[in-house]
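Descriptive analysis of the structure
What follows is the residue order along each chain.
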Amino acid sequence: MNKPLRRIAIFCGILVLALLIRDNWLQYVRADELSSHKYNRRVQIERYAHERGDIIVDGKAVTGSVETKDSDFKFKRVWKDGPLWAPVTGYSSQAFDSSQLENLEDGILTGNDDQLFFDRTLSMFTGDKKTGGNIVTTLNGAAQKAAFKGLGGKKGAVVALDPQTGAILALASTPSYDPSVFAGNSLKDSDARQKLLKDEDKPMLNRALRETYPPGSTFKVVTAAAALENGLYDDIDEKTNSPLPWTLPQSTMPLKNEGNIPCENASLREALRWSCNTVFGKMSDDLGNEKMIEQTDKFGFNKEVFMPVRADASIYPKDNRPQNAMAGIGQASNRTTPLQMAMVASAIANDGKLMQPYMVAERQAPNLDVIYTHKKEQLSQPLSGENAQKVQQMMETVVKNGTGTNARISGVTVGGKTGTAQHGLNNSEKPYAWFISYAKTGNGSPVAVAVVVEDGQANRDDISGGGLAAPIARDVMKAVIDSK
Amino acid sequence: MSVVTNTTTIGAIDAPSRRNTELALVVFAVFISVFAYANVGLALNGELPSGMLGYGAGLALLGGVAHLAVRRFAKYADPLLLPLATLLNGLGLALIWRLDQSERLLRLPSFAPAASKQLIFSAMGVALFIGVLILLKDHRILQRYTYISMVLALILLILPMFFPAQFGAKIWITIPGLGSIQPGEFAKIVIAVFFSGYLMVKRDALALASRRFMGMYLPRGRDLGPILMVWAMSILILVFETDLGTSLLFFGMFIVMLYVATERTSWIVFGLAMSAAGAVGVASFEPHVQDRVTAWLDPFGGWGTHAASEQMAQVLMSFGSGGTLGTGLGQGNSDLILFAANTDFILATVGEELGLAGMMAFLLLYGLIVERGVRTALAARDPFGKLLAIGLSGAFAIQVFVVAGGVMGLIPLTGMTMPFLAAGGSSVIANWALIGILLRISDTARRPAPAPAPSSDAEMTQVVRP
């Protein structure tokens, strides 16, 4: 009986061997796949087991972490003044994932990023409690507050940039929301989120980055830049070839101006001062669709912008002649984000150099060592320094004695452009009020701003870039200059 | 001359009993278990658990008393089996105690802390182990009870049918005040006794008086009939009780013992063919089985819709999250498995918290028990002892394979407990008894033959005078 016994011994050995092999397959070969599987709750548990790093503005954290008791997620994200900072930080919820900086910088904020490897290893030996690193933003608290205060109860967005570096100084979108209300994973959080999602005013939409509007007359600045760059006109005070009335090409429809303004053969400076549709419409037509697209591309149109949060692409499309003429005055199929118009203003203010916009100045390890510092980077040169200064002069005239007088700041040179974009079929809905501007001090321009107010409540006749949007831009610029 | 001289080949010097080796190993096993217990306490509460002394003393007492019993009643028994059982039982207690602290499990209405109960059951198991050593002077006595064992096994198997099903299987009998017993665990031992007794008598008839059929030797019906009937009945009962693991176990044990008894390879072929037919048959009409097979084939596919798949997926993620070295005792989240985390799925906790290294150690411990059992069978001098030892250790091996393989997704999950490790009274008690019987057989096998009486003849012929 011993021979079969020996075989049974081998058989039992094979059974154990099979288990050992299977175990190696499971715990060695497939370990990574299983441990990071989307259904594996441990990933989430680990994620919230430590205090999340903070997002910092002006040296102070605008976020925080609180300990929770009601679930296996130990720490919950909280925001100080959530609605004010939500357009910058995004949200980070135990149940509903995260967005914007909270999402993109998650590795640093949770402390799991590979860049923190040595830090983590070190704290493993020293026994320090694991925490996340910090993200230092470029934002200016005073400017952000001024933007929100200016927008108040109205729907709209403000973007302020530092033209010389591309740093985002203010990023406001109203109505806003408090990400703290759904940061946990209870039923209450879910209800709060549902309420936000169902809100008709779309408080979770980041209007500064993810909504495209017709830019209206503010776009005339781009058309003017294209005219100068392509040599259509050289002197901003020479008379242009602009008949009045002017009929749209391939059409019998005359392009109208707002009111009875001196636009016939007006110089560039005067045309911008009065915001002549006929002058810029014809200019766009004279340049042609291709050259206009070329110019807008240089300003950053037609592709998404990452700073590092993604902003939708602003569109200046291929189009037929009448549409191209209309796009030249910021109507028709021309659509931009507020960020894009701020980039236009900043490129002009920075003597033609467009800097890559960014909002993360530094990344810090949990021990506050700086592991990344942003280096400023030029994105493109949409226009020559000389031409940029010409457009500056035109924009400064607008603020000095044109449609943008509401943006004046005493003792500071301000250039700007108003816009009132028609909206809806046959201009049936209330128009958007736009204002783009920059301020200039002794050494270059510290701030460029774009403001859009999509106000559904104001009296139609009151809606104008100069009336509604310019004061907001002024307050934001003033806040930046005062904080220097 | 007072010195006894001897010329026979069997020495009069005592064969080494290895009892001291066993004692050292038991001490080691207790030490490791107490260390694990302390580890859990430190990880979960940051301090040495208050019950550590009591737990350590309890386990040391169990191991010590068992060792003394072996020393006294089975002097030549295998020295490894008792320490292995003590170690597994002790680590099992630490693991169960660790899961007792899980807040997630405590929120479950069906969950109750099980460590203290398990300690009591372990004590009962060791008591039964000692009982076996004392009462069973010679394992061959069991031969007398061949047919009684058959009846007893059938009774044990039929009993749960009269009790309500728990968790989809009718494998428990509930005794008011005492709790539930899983008679299948005991039936495993009893049926091994029956098989050994019957096969020992009939092995020649089965092996030799057979007809050739398609190149295989098939025995006569009157030889195979009774055993086939008992086996078929137990399988049928288990299928009706939906206790798949145990039916697989019985079937495997039957094939192994039949093969060893008859030494005919055709039995393996025959057995595998039957089991394949049986498996397909059962799977085609049993929804319970179909669920398990679906969960096995695609554990992540049924997420959110299919409880069995979801649990299987949780187990796999538990193993994966443990990785090579594990999270450390008390620091994993194997309690996410929720239902049956401390019974059928206790290996997932081992996998997650002790990692691949710990799992391999555990599998090798089980492998060692099995191979010591097979060695006992090899050493046994009587066919009954051989059959009983191989039956018990084969059953043990199959049980380990079915449970661990099921939990690790190697084969469909069938729902049995890991011997000694999982929470559950019947299992611990029955497996201690199993170890007791194996020790008894090995004691008989390794006991040196009694020194022959001094032969005056030998004395005389040795004297050579010049």
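The text that follows walks through the structure, step by step, so that each part is easy to find. Being a predicted model, the structure only gives us computed values, none of them experimental.

About the criteria used
Residues numbered from 1 in each chain as written. Chains lettered and ligands numbered in written order. Predicted model: local features only at pLDDT ≥ 70, side-chain atom pairs only at ≥ 80, totals over all residues. Heavy atoms only, no water. Helix = DSSP H or I, 4+ residues; strand = E, 2+ residues; numbered from the N terminus. Buried < 20%, exposed > 50% of the residue type's maximum accessible area, 1.4 Å probe, protein only. Contact = heavy atoms within 4.5 Å. Salt bridge = Lys/Arg side-chain N within 4 Å of Asp/Glu carboxyl O. Buried area = accessible area lost by both parts, 1.4 Å probe. Polar contact = N/O pair within 3.5 Å; in protein donor to acceptor, adjacent residues only side chain to side chain. Axes fitted to C-alpha atoms, helices over the stretch in contact; angles between N-to-C directions. Parallel < 35°, antiparallel > 145°, perpendicular 65-115°, else oblique. Nonpolar A, V, L, I, M, F, W, Y, C, P; charged D, E, K, R; others polar. Pairing = 2+ DSSP bridges. Phe/Tyr/Trp six-rings, centres within 6.5 Å; stacked < 30°, edge-to-face > 60°. Disulfide = S-S within 2.5 Å. Core = buried A, V, L, I, M, F, W, Y, C linked by side-chain atoms within 4.5 Å. Patch = residues over 30% accessible without salt bridge, like charges linked within 9 Å, V, L, I, M, F, W, Y side chains within 5 Å. Areas by Shrake-Rupley, 256 points an atom, 1.4 Å probe, with all protein chains shown as cover. Lys, Arg positive; Asp, Glu negative; His and termini not counted. Charge placed at Lys NZ, Arg CZ, Asp CG, Glu CD.

Structural notes on the overall build of chain A
A tally of regular secondary structure across chain A gives 18 helices and 20 strands. By its C-alpha atoms, chain A is 115 × 50 × 40 Å across when sized along the principal axes. Out of the 484 residues in chain A, the part that is buried amounts to 57%. Looking at chain A alone, contacts between residues at least 24 apart form 68% of all its contacts between residues at least 6 apart.

Here's the deal with the overall build of chain B
Tallying secondary structure elements over chain B gives 16 helices and four strands in all. Considering chain B as a whole, with its 466 residues, one finds that 54% of them fall into the buried category. Within chain B, contacts between residues separated by at least 24 positions form 73% of all contacts whose residues are at least 6 apart in sequence.

Side note on the pattern of salt bridges
Per the stated rule, a full pass over the model turns up 26 salt bridges over all chains. The salt bridge involving E270 of chain A is made with R273 of chain A; its shortest N-O contact spans 3.4 Å. In this pair, E270 of chain A and R273 of chain A both sit in helix α12 (residues 268-274), three residues apart, roughly one turn of the helix. For E270 of chain A, a relative accessible area of 27% corresponds to the partly exposed category. Ionic pairing is found between R19 of chain B and E22 of chain B, a salt bridge with its closest N-O pair at 2.9 Å. Of this pair, R19 of chain B and E22 of chain B both sit in helix α1 (residues 19-45), three residues apart, roughly one helical turn. Each member of the pair, R19 of chain B as well as E22 of chain B, is classed as buried.

Side note on unusual backbone geometry
Residues and elements named next belong to chain A. P245 follows L244 through a cis peptide bond whose omega is -5 degrees. At the junction of M307 and P308, the peptide bond is cis and its omega measures out at -15 degrees in the coordinates. Residue position: P308 is located in the loop between β12 (305-306) and β13 (310-311). At Q250, a position not held by glycine, the phi torsion is positive, near 50 degrees. Among the structural elements, Q250 can be located in the loop between β10 (246-247) and β11 (254-255). Of note, L368 is a non-glycine position whose phi angle comes to about 75 degrees, a positive value. Counting through the fold element by element, L368 comes out in the loop between β15 (360-364) and β16 (370-373).

With respect to the interface of chain A and chain B
Counting residues at the interface gives 32 residues for chain A, matched by 50 residues for chain B. Summing both partners gives a buried area of about 3700 Å² for chain A against chain B, and 72% of it is carried by carbon and sulfur. Of all residues in chain A, M1, Q27 and R42 of chain A give up the largest surface area on contact with chain B, accounting jointly for 22% of the area buried on that side. Linking chain A with chain B are one salt bridge, by the criterion used here. A salt bridge links E352 of chain B to R42 of chain A, with the shortest nitrogen-to-oxygen separation between them at 2.8 Å. The interface formed by chain A and chain B contains 11 residue pairs in polar contact (both at pLDDT 80 or more).

Examining the packing of helix α1 (residues 2-29) of chain A against helix α13 (residues 346-379) of chain B
One way to put it is that α1 of chain A packs onto α13 of chain B with a least axis distance of 10 Å and a crossing angle of 180 degrees. It follows from the interaxial angle that α1 of chain A and α13 of chain B lie roughly antiparallel. Among the residues forming the contact of α1 of chain A with α13 of chain B, the class breakdown is 16 nonpolar, seven polar and three charged.

Points about the sheet that holds strand β9 (residues 168-174) of chain A
All names here are of chain A. The strand order across the open sheet built from five strands is β9-β8-β20-β19-β18, with neighbouring strands paired in antiparallel fashion. At either margin of the open sheet sits one strand with a lone partner, and together these are β9 and β18 (413-423). Neighbour-to-neighbour, the strand axes of this sheet turn through a mean angle of 10 degrees, independent of strand direction. Sheet topology places β18 next to strand β19 (residues 429-441); 10 bridges connect them, and they run antiparallel. Counted as the bridge partner of T418 is F435 from β19.

Focus on the packing of aromatic side chains
All names here are of chain B. As enumerated under the stated definition, the model contains 21 aromatic pairs over all chains in all. Note on Y37 and Y55: the rings are 4.0 Å apart at their centroids and 10 degrees apart in plane angle, and the pair reads as stacked. In this pair, Y37 is assigned in helix α1 and Y55 in helix α2 (residues 52-73), connecting sequence segments 18 residues apart. Taking the relative accessible area as the measure of exposure, Y37 reaches 7% and is therefore buried. Look at Y55 and you get buried, because its relative accessible area is 5%. One aromatic cluster is present, built from ring pairs that chain together Y147, F194, F195, Y198 and F254.

Overview of the state of the cysteines
Residue and element names in this part refer to chain A. Counted under the stated rule, the structure contains one disulfide over all chains. Residue pairing for C263: its cysteine sulfur links by disulfide to C276, the two sulfurs lying 2.0 Å apart. As the torsion about the S-S bond is roughly -85 degrees, the C263-C276 disulfide counts as left-handed. Residue C263 is located in the loop between β11 and α12, and its partner C276 is located in the loop between α12 and α13 (277-287); the two are separated by 13 residues in the primary sequence. For C263, a relative accessible area of 1% corresponds to the buried category.

Remarks on the nonpolar core
Counting residues in hydrophobic clusters, the biggest one holds 139 residues, and the most contacted among them are F129, F195, F319, L347, L388, M418 and L421 of chain B. The residues touching L421 of chain B, leaving out its near neighbours within four places in the chain, are L88, L91, G92, L95, I96, I346, L347, V350, F362 and Y366 of chain B. Residues L209, C276, V451 and I472 of chain A belong to the second largest nonpolar core, which totals 113 residues.

Notes on a negative patch on the surface
A contiguous patch of negative charge, built from D234, D235, E238 and E386 of chain A, is present on the exposed surface. The topology assignment puts D235 of chain A in the loop between α11 (220-229) and β10.

Some details on the sheet that holds strand β2 (residues 60-61) of chain A
Residue and element names in this part refer to chain A. Read across the open sheet, the five strands follow the order β2-β1-β7-β15-β16; overall the sheet is mixed. Of all strands in the sheet, those with a lone pairing partner are β2 and β16, marking the two edges. Summarising the sheet, strand β1 (residues 55-57) and β2 pair through two bridges and their orientation is antiparallel. Bridge pairing links V57 to K60 in β2.

Focus on a nonpolar patch on the surface
All names here are of chain B. Taken together, the side chains of V151, I155, L159, M161, F162, L236 and F240 present a nonpolar region at the surface, about 690 Å² in accessible area. For the nonpolar patch, the secondary-structure elements that each account for two or more residues are α6 (146-158) and α8 (221-240). Mapped onto the fold, F162 is located in the loop between α6 and β1 (173-175).

Purely spatial values, then, with no claim about function.
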